[in-house]
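Now for the letters of each chain:
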Amino acid sequence: GRSLDYGCGPGTNGLHLLDSGYEVLFTDVVRQALKKVEEKLHVRPVEVRSRATIRPVDLSADSLPDSDQSYDYIVCMSLLSNLEGPQSIVHLLKEFFRILRPGGKIIVDINSEDTSYVQNASNKVDNGVYKTLPRKGFDTEEVQMYFPESSSMFADMVKEAGFVVDDIGHSSFAYLGHQDYEYIVCAQKPS
């Protein structure tokens, strides 16, 4: 099938799909991440590379540049909390719904409030919305980020976009002084 790795970072998820036989579009706002994906693609066989496309995210666009029902699968990991609030997240999820084929599947995650981002936040702006550093230890300014209070709140956002939720899980990890607890939702677009 055809897959979208939205916010692909260094491409770990999309490369797994690509190596498993899928056609994959890698997209991210960070150009250095896309260069890493290009480097990783370069060492793969031509047949595998031919199924990969790389495209930068256009932050000025109100919608995704893809046609309706373009993809069978969408992966969007470690990205949604970076949006400014629930309205922005639901808008992106509705765009995912639009470009996913009927019966298509999506896996998305979001950081919970039990994370270093919230613990290190300088200001709570609104329910679940904080001014915080996107990455501790990097020379960046604080940004507004959203963290739902519960997995059911996140699942409700996915449902609001039109999806049927198949499973809700979580992931927890700590590294280099950073702690994350993420809600993970697997969902599908009704056939």
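These remarks concern the structure in this document. Everything numeric in this text was worked out from a predicted model, so none of it was measured. (Residues numbered from 1 in each chain as written. Predicted model: local features only at pLDDT ≥ 70, side-chain atom pairs only at ≥ 80, totals over all residues. Heavy atoms only, no water.)

This brings us to the nonpolar core. Within the largest apolar cluster, 30 residues are counted, with the highest numbers of intra-cluster contacts made by Tyr-6, Leu-80, Leu-93, Phe-96, Val-108 and Phe-154. Among the elements of the structure, strand S1 (2–6), strand S4 (71–76), helix H4 (86–99), strand S5 (100–111), helix H6 (151–160) and strand S10 (178–188) are those that each provide at least two residues to this core. Formed by twelve residues, the second largest nonpolar core is a distinct cluster that contains Leu-17, Val-24, Leu-34 and Ala-52. (Core = buried A, V, L, I, M, F, W, Y, C linked by side-chain atoms within 4.5 Å. Buried < 20%, exposed > 50% of the residue type's maximum accessible area, 1.4 Å probe, protein only. Helix = DSSP H or I, 4+ residues; strand = E, 2+ residues; numbered from the N terminus.)

An order of S3-S2-S1-S4-S5-S10-S9 is seen for the seven strands of this open sheet, with the pairing classed as mixed. Two strands bound the open sheet, and with one partner strand each, they are strand S3 (52–56) and strand S9 (164–175). Across this sheet, the average inter-strand angle for adjacent strands is 15°, counted without regard to direction. Those strands touched by helix H1 (residues 12–19) are S1, strand S2 (23–28), S3 and S4, and its axis lies near 170° from that of S2. This element, helix H2 (residues 31–42), spans S2 and S3 of the sheet and lies at about 165° to S3. (Pairing = 2+ DSSP bridges. Axes fitted to C-alpha atoms, helices over the stretch in contact; angles between N-to-C directions. Contact = heavy atoms within 4.5 Å.)

Attention now goes to the packing of aromatic side chains. For the coordinates displayed, the defined rule picks out seven aromatic pairs. With a centroid separation of 6.0 Å and 25° between ring planes, the pair formed by Tyr-117 and Phe-147 is classed as stacked. A residue pair is termed long-range when its members are at least 10 positions apart, and Tyr-117 in helix H5 (residues 116–119) and Phe-147 in the loop between strand S8 (143–146) and H6 qualify at 30 residues. Each member of the pair, Tyr-117 together with Phe-147, is buried. With a centroid separation of 5.9 Å and an interplanar angle of 80°, the aromatic rings of Tyr-181 and Tyr-183 are classed as edge-to-face. Among the residues examined, Tyr-181 registers a relative accessible area of 25% and is labelled partly exposed. For Tyr-183, a relative accessible area of 10% translates into the label buried. In this structure, Lys-189 packs its charged tip against the face of Phe-97, placed 4.6 Å from the ring centre. (Phe/Tyr/Trp six-rings, centres within 6.5 Å; stacked < 30°, edge-to-face > 60°. Lys NZ or Arg CZ within 6 Å of the ring centre and 35° of its normal.)

Strand order in the open sheet formed by three strands is S6-S7-S8, and the pairing between neighbours is antiparallel. Edge strands, defined here as strands with exactly one partner in the open sheet, are strand S6 (123–126) and S8. Between one strand axis and the next, the sheet turns through 35° on average, direction left out of account. Examined bridge by bridge, strand S7 (residues 129–132) and S8 share four bridges and lie antiparallel to one another. Bridge pairing links Val-129 to Tyr-146 in S8.

Buried residues of H6: Phe-154, Ala-155, Met-157 and Val-158, and no others. When H6 is viewed along its axis, its buried side chains cluster within an angular range of 155° and face the same direction. Where H6 ends, the next residue or the one after it, Gly-162, has phi of about 115°, a positive value. (Arc of directions from axis to C-beta.)

A separate point is the environment of Ala-187. With respect to the helices and strands, Ala-187 occurs in strand S10. You can call Ala-187 buried: its relative accessible area is 2%. Counting along the chain gives 153 residues from Ala-187 to Leu-34, while the straight-line C-alpha distance between them is 26 Å. When near neighbours in sequence (up to four residues on either side) are disregarded, Ala-187 contacts Gly-104, Lys-105, Ile-106, Val-158, Phe-163, Val-164, Val-165 and Asp-166.

On their own, these measurements won't tell you what the molecule is for.
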